[in-house]
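Descriptive analysis of the structure
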Amino acid sequence: MAASKKKPSTKKPSTKASSRKPPSRVTRKTADKHLLYQASVQAPEIEVDFMVSTYRALRKKQPVSMREDFCGTALLCATWVKSDPKRRATGVDLDPSVLAWGTKHNIEPLGDAAARVRLLEQNVLQKSPGKFDVINAMNFSYWIFRTRKDMLSYFKAVFGALNSDGVFVCDAYGGWEAQEPMLEPRRVAGGFTYVWDQDKFCPVTHEIVNHIHFEFKDGTKWNKAFTYEWRFWTLPELRELLEEAGFSKVEVHWDVAPENDEEDYRAVKRAENQAGWLAYLVAAK
Ligand SMILES: C[S@@+](CC[C@H](N)C(=O)[O-])C[C@H]1O[C@@H](n2cnc3c(N)ncnc32)[C@H](O)[C@@H]1O
């Protein structure tokens, strides 16, 4: 399968993640799956830039407060507060172990700036204290909501937690290759291979199961380091639900850069069909 930069597994170049690289001789025995994940799929500087520039374009001012839903290791929270001394971040995740990992590896090393990050161990559907300029749900985490009713409840909860001029940003992927079984390996700086595994897709329910595996230079492997059981949502469904939740303007930001160039996401009304794509939904209150 030819690799395309627009597929979710290759979407986020990890070139800016060098400080978070795992040790160079990493093996199954020495690997830390959160470090591998961060180095493979996260590019938080790019996402902070995207959220800031999108918010500024819509609101003509700088965003200050950000909530990262499904925050996992809270790398985006850390990057947000590092990007400006006025910025504050709240991360929300159900899993205490990943929050503890993130606190140790991403938040405590911030020093004084750590005081501007709050991590909440709770369901994203629960009310969190305060209101936010920007809320985000990245890497498709919100696709754990598998019914229209549950997704609408989530979008309504986000709407209620935003300031009156707040903006919600989330990502989505698709294209005809997104529905076919495939194993897509990609070498990552740091001496290992990340493998995106599209394991199952049900055309009736759109239930989808994907895994992330890691392979190391010594021949050892970490199979199913992460497994995702989601509903595969489409952009029109998500747009309609965001509008139903109360958002006044919902944009789809599409990568308009020529193949092999740096991504350049712009609001579009229509796009050409593609084998694999990643897009951002930007919903303004
Ligand atoms: C794939 S990780 C997301 C990591 C990170 N946000 C990113 O962009 O890559 C998904 C996280 O969502 C959390 N999670 C799943 N359901 C949740 C819920 N209902 N409320 C809060 N967190 C949830 C899991 O514990 C897990 O840490």
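Here the structure is a predicted model, which is why all the values come from computation and not from measurement.

Lining the immediate surroundings of the ligand are 18 residues, of which Tyr37, Phe70, Asp93, Val124 and Asn139 lie closest. A distance of 2.4 Å separates an oxygen atom of the ligand from a polar atom in the side chain of Tyr37. Between Asn123 and the ligand, the recorded distance is 3.1 Å, taken from a side-chain N or O atom to a nitrogen atom. The protein chains hide 85% of the 610 Å² of surface that the ligand would expose on its own. Assessed atom by atom at 2 Å from the grid points, the ligand resides in the largest pocket. Among the residues making up the shell around the ligand, the classes are represented as nine nonpolar, six polar and three charged.

Once that is clear, we can look at the environment of Glu207. By the element assignment, Glu207 lies in strand E8 (residues 207-216). The class for Glu207 is partly exposed, based on a relative accessible area of 38%. Along the sequence, Glu207 and Phe232 sit 25 residues apart, while their C-alpha atoms lie 6.2 Å from each other. Of the polar contacts made by the side chain of Glu207, one reaches the side chain of Thr205; its length is 3.0 Å.

Reading the values: rules and limits
Residues numbered from 1 in each chain as written. Predicted model: local features only at pLDDT ≥ 70, side-chain atom pairs only at ≥ 80, totals over all residues. Heavy atoms only, no water. Near = heavy atom within 4 Å. Polar contact = N/O pair within 3.5 Å; in protein donor to acceptor, adjacent residues only side chain to side chain. Areas by Shrake-Rupley, 256 points an atom, 1.4 Å probe, with all protein chains shown as cover. 1 Å grid on protein atoms, 1.4 Å probe; cavity = no way out; pocket = protein on both sides within 12 Å on 5 of 7 lines; lining within 4 Å. Sits in = over half its atoms within 2 Å of the grid points. Nonpolar A, V, L, I, M, F, W, Y, C, P; charged D, E, K, R; others polar. Helix = DSSP H or I, 4+ residues; strand = E, 2+ residues; numbered from the N terminus. Buried < 20%, exposed > 50% of the residue type's maximum accessible area, 1.4 Å probe, protein only.

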